[in-house]
Amino acid sequence: MAESVPVTAESLAGSGARAACTVLNQVVLPGEELLLPEQEDADGAGGAGERPLPLNAGVCSRVRVVCGPGLRRSGDRLLVTKCGLLRHKEPSSGSGGGVYWVDSQQKRYVPVKGDHVIGIVTAKSGDIFKVDVGGSEPASLSYLAFEGATKRNRPNVQVGDLIYGQFVVANKDMEPEMVCIDSCGRANGMGVIGQDGLLFKVTLGLIRKLLAPDCEIIQEVGKLYPLEIVFGMNGRIWVKAKTIQQTLILANILEASKMSCSSSRLSRSRMKPSGVLAGVALSCLSALEQYSGQMWLFRGRGAVLQLWARPGLQGRARRLPAEGGEVRGAVGCAAGSLSSSSVSGCRPRKHVA
Amino acid sequence: MAGLELLSDQGYRVDGRRAGELRKIQARMGVFAQADGSAYIEQGNTKALAVVYGPHEIRGSRSRALPDRALVNCQYSSATFSTAERKRRPHGDRKSCELGLQLRQTFEAAILTQLHPRSQIDIYVQVLQADGGTYAACVNAATLAVLDAGIPMRDFVCACSAGFVDGTALTDLSHVEEASGSPQLALALLPASGQIALLEMDARLHEDHLEQVLEAAAQAARGVHTLLDRVVRQHVREASILLGD
C-alpha cells in the first residue's frame, strides 16, 4: 500500500522553462514556464549564416506573439495558468509570431468581446434588458440595439425570451454589454429566438468542435430532416424541428457527439456502420428507450441506420438484407444500457427533458 | 496504548511505511457532470471529494463583492460516517470553520483572482473517510477540481502533513500517528516556485527540529505533485481524445 516517491525530472516545473515550440499540441500544466522562440535564437550560439549586426547590442529584437487564453506573461516568459494542450497559430499577415493559447476543457463561460452567445432575458429595467449569459454577471442589452428599433418602435422582448447576440463590451472590469445588430446596423441572424425549440447546455470545447468548418456531424445532421440550430459560444445550443420527438433526438445527438468516434475507429468494432453519424447515433440509443415500438431512419453517408427501442432486446447490430441497393444497419437497444463492448467510448445517457 | 510504537527500531512505522514515504494516492478528475469542476482523491484510507463552482455571480449580499478580485469561498465538511465514531455535525462546527478558512487562505494564494473581479468562486470539500491528513487530502482534491473547472491558477497546490517522532520526521501521518500527541504540522506548497501557501502547526516543537520537519514535508509535497501531475495529464489526454482531436 505504501509507495515510495522518487521525484522525477519530467514533471518538475521548476527544473527550467521549456521552449514553447517543443511542447506544441502537448499537455501543459499550471506552473510551467515557456520560452518564446526568438529568445532561443538570441541565447543560442551565433551560428551558421550571416546575421545583421544589431545596432543596439544586447537587446534582441522581439517578434510580437499574442498570448491567448490560458497563458500569462511573466517577465519575458509565458506562464501557463490552465491545464490543456498548447496550440499555436501562424500569423496570416506574415508579421508577428502568431498566437499561442491553451486548449482547455471548461463548462463555465467567461464573456469575450465579439462572441455570439445565447442569453435569457431576466429583467427589464428602464431602457435596458438584463440578460443571463452564464458568466459571472448578467449582460446588459439596450432596447435600441435591435434592427429597426427606435424610441417609438420598441422591440417585442419579454422576460424569459431567448436572445442571440454578440458582445461589444466584455472585459473583467466592466459589466458585459451585448447587442443584436452588427456594425452596419443589420440583424444578421441575431435577435429574439422564436417560439418552441429546446435550449440545453454543453461544454465550451464541444461548441468549438461543432462550429469548426470541417465538422462532419453538423453536415450529417442537416441531412436528416428540416431543423434549426443556434450555437452560442457560452455553451448553449437551441434546436428546433417539426415535432418534439425530432427535437429531442437532435438534442441527444448533439450532446452525445462529445463522445463521437472517427470512422476509422468505428471500423475496428464489429458492427462496422459507416458514417460519422452512425457512431454518434449509436451512442445516444439508450435515450430512445422510452419510444418503444417506434422507428426512425437515419441516413448517413450512404448507410441507413434503422433504430428502434424495445425493452428486452440486447444491444447488438446486424445488417438487414439490402433493398434496392441500400445497406441498412440495424441496432437495437435494451432499456437502459448499450452493450459497451461494441462501441468504445459510449455511455448510456438520460435524454434531455 | 502501551506497546504501540510509532517508529520501530528498524525504521518502520505502524503501517509498514518508512519515515518519508507517502501513502498510496489515487485521484480522478471530472467525477460530477453538473459542477464546473470536481475531483476525488484517496490518500491511503483518507477519501476526499472536492467540487468547484465558478466564477459566478456573488450570492447573498452584493456588498461582499471585491472590486478588484474574485471572492474565494471554501466550505469544509466531513461526513457523519467519516470517523470511527459517528459525527454529530458535518459542518458548521469549529474545526470545519477553521479548516474552511485555511483552505480559503491557501487557494487565494494560488488562484489568479484578479482576472475575475466582482465574482465568486466556490470550493466545497467533503471528507468521506478520515484517516489522518484530511487537510492535505482536501487541498489536493481541491487543486484538481479547480484545474478541472478551468479557473486560472498560478501553480498547483500540493499539501502534506508531517510529524516528529523519536528524532525523525514522519510524513503523511495516519490517524493513529496524529492521535498519539506528537507534534505535527500541515504544509501547502506551490511546487514550481517552492513557495509556501500555508503552514499550520498547533503543537510544541523545538525550533532546532523545525527545519528538518519542514524539509520533510516539502519533499513529500513535491512527491504528491508528481502524482497529481500524472493524473492531470492523463485526464487531459483522455478528454481530448474523446473530443476527437
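Rules used in this analysis
Residues numbered from 1 in each chain as written. Chains lettered and ligands numbered in written order. Predicted model: local features only at pLDDT ≥ 70, side-chain atom pairs only at ≥ 80, totals over all residues. Heavy atoms only, no water. UniProt positions renumbered as here; feature names shortened; annotations may be inferred. Helix = DSSP H or I, 4+ residues; strand = E, 2+ residues; numbered from the N terminus. Buried < 20%, exposed > 50% of the residue type's maximum accessible area, 1.4 Å probe, protein only. Contact = heavy atoms within 4.5 Å. Areas by Shrake-Rupley, 256 points an atom, 1.4 Å probe, with all protein chains shown as cover. Pairing = 2+ DSSP bridges. Axes fitted to C-alpha atoms, helices over the stretch in contact; angles between N-to-C directions. 1 Å grid on protein atoms, 1.4 Å probe; cavity = no way out; pocket = protein on both sides within 12 Å on 5 of 7 lines; lining within 4 Å. Points joined across faces, edges and corners; volume = space filled by probe spheres on them. Nonpolar A, V, L, I, M, F, W, Y, C, P; charged D, E, K, R; others polar. Domains from an automatic or database assignment. pLDDT = per-residue confidence, 0-100. Buried area = accessible area lost by both parts, 1.4 Å probe. Salt bridge = Lys/Arg side-chain N within 4 Å of Asp/Glu carboxyl O. Polar contact = N/O pair within 3.5 Å; in protein donor to acceptor, adjacent residues only side chain to side chain. Core = buried A, V, L, I, M, F, W, Y, C linked by side-chain atoms within 4.5 Å. Patch = residues over 30% accessible without salt bridge, like charges linked within 9 Å, V, L, I, M, F, W, Y side chains within 5 Å. Lys, Arg positive; Asp, Glu negative; His and termini not counted. Phe/Tyr/Trp six-rings, centres within 6.5 Å; stacked < 30°, edge-to-face > 60°. Lys NZ or Arg CZ within 6 Å of the ring centre and 35° of its normal.

The name an unreviewed UniProt entry assigns to chain B is Exosome complex component RRP41, from the organism Oryctolagus cuniculus. Its UniProt record gives chain B a comment under Sequence similarities (unreviewed entry), which states: "Belongs to the RNase PH family."

Taking an unreviewed UniProt entry as the reference, chain A is identified by name as Exosome complex component RRP40 belonging to Oryctolagus cuniculus. The annotation that UniProt attaches to chain A under Sequence similarities (unreviewed entry) is "Belongs to the RRP40 family."

Before going further, it helps to spend a moment on the overall build of chain A. Assigned secondary structure in chain A consists of six helices and 21 strands. The proportion of buried residues among the 353 residues of chain A is 44%. Within chain A, contacts between residues separated by at least 24 positions form 61% of all contacts whose residues are at least 6 apart in sequence. Surface summary for chain A: the accessible area is close to 18300 Å², and the carbon and sulfur share equals 52%.

Residues and elements named next belong to chain B. Strand order in this open sheet of five strands is β1-β2-β3-β5-β4, and the pairing throughout is mixed. Pairing within the sheet leaves two strands with one partner each, and these edge strands are β1 (25–29) and β4 (71–78). On average, adjacent strands in this sheet sit at an angle of 15 degrees to one another, irrespective of strand direction. Relative to strand β3 (residues 46–56), strand β2 (residues 37–43) is paired through seven bridges, and the arrangement is antiparallel.

What follows deals with the layout of surface pockets. Roughly 1000 Å³ of internal volume is contained in the second largest pocket. Forming the walls of the second largest pocket are 39 residues, and the residues nearest its centre are Pro69, Lys82, Val110, Pro111 and Val112 of chain A. At the level of elements, β5 (71–74), β8 (98–103) and α2 (204–211) of chain A together with β3 of chain B are the ones that each hand at least two residues to the lining of the second largest pocket. In the lining of the second largest pocket, the residues fall into 20 nonpolar, 11 polar and eight charged.

The assigned domain composition of chain A is domain 1 (18–39 + 63–103), domain 2 (115–195) and domain 3 (196–258). Placing a centre on the C-alpha atoms of domain 1 of chain A and another on those of domain 2 of chain A gives a separation of 34 Å.

Turning our eyes to something else, we now look at the confidence of the model for chain A. When pLDDT is averaged along chain A, the result is 71; 61% of the residues meet or exceed 70. In the model, residues 1–14 of chain A has pLDDT below 50 throughout and makes 26 contacts with residues more than four positions away in sequence or in other chains.

This part is about the sheet that holds β5 of chain A. All names here are of chain A. Taken together, four strands build an open sheet; the order of strands is β1-β3-β6-β5 and the sheet is mixed. Lying at the two open borders of the sheet, with one neighbouring strand each, are β1 (18–19) and β5. Examined bridge by bridge, strand β3 (residues 33–35) and strand β6 (residues 77–80) share two bridges and lie antiparallel to one another. Directly across from Leu34, in β6, lies its bridge partner Leu78.

Before going further, it helps to examine the interface of chain A and chain B. For an interface, size is often stated in terms of accessible area lost upon the parts coming together. Taken together, the 45 residues of chain A in the interface contact 48 residues of chain B. Here chain A meets chain B over a buried area of about 4000 Å², counting both sides, of which 58% is carbon and sulfur. The interface formed by chain A and chain B includes three salt bridges. Note that Arg233 of chain B is salt-bridged to Glu32 of chain A, the shortest N-O span being 3.0 Å. Our enumeration of links across chain A and chain B arrives at 10 residue pairs in polar contact (both at pLDDT 80 or more). At the level of secondary structure, the elements contributing two or more residues to the side of chain A that touches chain B comprise β6, β7 (84–89) and α2 of chain A. Grouping the constituent residues of the side of chain A that touches chain B by class yields 17 nonpolar, 13 polar and 15 charged.

With that settled, the discussion passes to the nonpolar core. The biggest cluster of nonpolar side chains holds 68 residues, and the ones touching the most others in it are Leu103, Phe107, Ile123, Tyr135 and Val232 of chain B. Looking at this core element by element, the count peaks at 12 residues for helix α2 (residues 134–149) of chain B.

What follows deals with a nonpolar patch on the surface. Residues and elements named next belong to chain B. Residues Leu4, Val14 and Val176 make up a contiguous nonpolar surface patch of roughly 210 Å² in combined accessible area. With respect to the helices and strands, the residue Leu4 is situated in the segment before β1. Overall, the relative accessible area of 40% leaves Leu4 in the partly exposed class.

A word on the side chain of Glu42 of chain B. Residue and element names in this part refer to chain B. Along the chain, the position of Glu42 falls in strand β2. Here Glu42 is buried and forms no salt bridge, its nearest opposite-charge partner Lys47 lying at an N-O distance of 4.5 Å. Among the polar contacts listed, one links the side chain of Glu42 to the side chain of Tyr40, at a separation of 2.8 Å. For Glu42, the residues in contact, after removing those within four places along its chain, are Lys24, Ile25, Gln26 and Lys47.

In the predicted model, chain B carries a mean pLDDT of 92, and 98% of its residues have values of at least 70. Taken together, the chains of this predicted complex give a pTM of 0.79 and an interface ipTM of 0.87.

Scanning all chains against the criterion turns up three aromatic pairs over all chains. Aromatic side chains Phe129 of chain A and Phe146 of chain A sit 6.4 Å apart centroid to centroid with 85 degrees between the ring planes, which places their arrangement in the edge-to-face category. In this pair, Phe129 of chain A is assigned in strand β10 (residues 128–132) and Phe146 of chain A in the loop between β11 (139–142) and β12 (162–169), connecting sequence segments 17 residues apart. Phe146 of chain A shares its class with Phe129 of chain A; the two are buried. Between Tyr53 of chain B and Tyr124 of chain B the ring centres are 6.2 Å apart and the planes differ by 65 degrees, which places this aromatic pair in the edge-to-face class. Here Tyr124 of chain B lies in strand β5 (residues 120–129) and Tyr53 of chain B lies in strand β3, a separation of 71 residues in the sequence. Between the NZ or CZ atom of Arg154 of chain A and the centre of the ring of Tyr143 of chain A, over which it lies, the distance is 4.1 Å.

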